[in-house]
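Structure assessment
Listed here are the chains, written in short residue letters.
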Amino acid sequence: MRLRNIPGAREAMLESEFVIQNPKSHRNQWKEVFGNDNPIHLEIGMGKGRFITTLALENPDINYIGIEKYSSVLLRALEKREQIEVSNLFFIRMDAEELTEVFGYHEVARIYLNFSDPWPKERHAKRRLTSKEYFARYDQILKSEGTVEFKTDNRDLFLFSLESVEESGWNLVLSTADLHHSIYCADNVMTEYEERFSSQGNPIYKMVADRQPAASVNTGESVI
């Protein structure tokens with residue numbers, strides 16, 4: 001889907017106090033940005049920002065950073081950010097390929113991937129945020145006990161992601177092929193897209209992966 005360019009979006013990013021400029025200069029120094037040692041959670045591809053804004057409001061002891069590649073999309077999240085009073089939420093406009101240049105070794109506690117671009121053509125598989133290539137990046141920036149949480153409405157992407165977890169040597173903590181009718185739904189925070197899609201009766205897939213030993217409790221469900 002082609003994104004609609006919004007005039008002035010890029011300028012708004014440059015002027016906002018909530019958008020980090022030159023993020024690479026803060027590598028290994030994000031505690032100075034937030035002014036505390038609280039854990040850092042990232043949402044990569046945050047869209048219009050409902051998910052991460054809700055989390056920031058509910059969890060003041062966690063620092064949140066939303067990453068979005070497109071100014072016109074980030075602008076919608078910025079509008080939400082300007083309406084709330086929190087000190088634990090900032091945004092970065094960047095390509096996720098640069099993660100290891102922006103965050104240092106084991107500097108991040110959790111990564112959220114919500115309804116990422118499926119990049120359906122096989123030749124684009126490396127661009128999927130749950131590819132082996134991206135798990136290698138996550139391995140560098142995530143703390144040893146850190147987790148990656150992924151939600152999607154795309155079954156093919158979900159199956160690909162489950163395979164990537166195994167191929168990358170990570171541990172599948174949980175998986176469900178119908179999040180909203182599972183035991184994991186109680187504390188689920190929905191994105192704008194998720195609410196619209198699930199209201200039509202369509203299933204939402206979710207998985208959580210970490211690098212703990214395989215002896216970790218695995219409560220996965222079949223997706224077949």
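Here is a short report on the structure shown in this document. Note that this is a predicted model, so its numbers are computed, not measured.

Rules used in this analysis
- Residues numbered from 1 in each chain as written.
- Predicted model: local features only at pLDDT ≥ 70, side-chain atom pairs only at ≥ 80, totals over all residues.
- Heavy atoms only, no water.
- Buried < 20%, exposed > 50% of the residue type's maximum accessible area, 1.4 Å probe, protein only.
- Helix = DSSP H or I, 4+ residues; strand = E, 2+ residues; numbered from the N terminus.
- Pairing = 2+ DSSP bridges.
- Expected span 1.5 Å × (residues − 1).
- Arc of directions from axis to C-beta.
- Contact = heavy atoms within 4.5 Å.
- Polar contact = N/O pair within 3.5 Å; in protein donor to acceptor, adjacent residues only side chain to side chain.

Looking now at the pairing of strand β7 (residues 205–210). Summarising burial for β7: six of the six residues are buried, a large majority. Neither face of β7 is open: one carries Y205, M207 and A209, the other K206, V208 and D210, and all of them are buried. Summarising the sheet, strand β5 (residues 142–152) and β7 pair through six bridges and their orientation is antiparallel. Across the sheet, residue T147 finds its bridge partner in β7, namely D210.

Attention now goes to the pairing of β5. Of all the 11 residues making up β5, eight are buried; the element is thus mostly covered by neighbouring parts of the structure. Relative to β5, strand β4 (residues 108–114) runs parallel, the two being bridged by six bridges. When the sheet's bridge partners are listed, I111 is paired in β5 with V148.

For the rest of this paragraph, the subject is the environment of V189. Here V189 shows up in the loop between β6 (171–176) and α8 (192–198). Given the relative accessible area of 13%, V189 is considered buried. Distance in space between the C-alpha atoms of V189 and I52 is 8.9 Å, their sequence separation being 137 residues.

With 13 residues, helix α7 (residues 155–167) extends 18 Å between its outermost C-alpha atoms, agreeing within 8% with the 18 Å of an ideal straight helix rising 1.5 Å per residue. Of all the positions in α7, only L157, F158, F160, S161, S164 and V165 are classed as buried. Angular distribution of buried residues about the axis of α7 spans 160 degrees; they occupy a single face of the element. Seen from the open side of α7, the exposed residues pointing more than 90 degrees away from its buried face are D156, E166 and E167. On the buried face of α7, the contacting elements are α6 (132–141), β5, β6 and β7. The distance from a side-chain oxygen at the start of α7 to the backbone nitrogen of D156 is 3.1 Å, and the residue carrying that oxygen is N154. Following α7 by one or two positions, G169 has its phi on the positive side, about 80 degrees.

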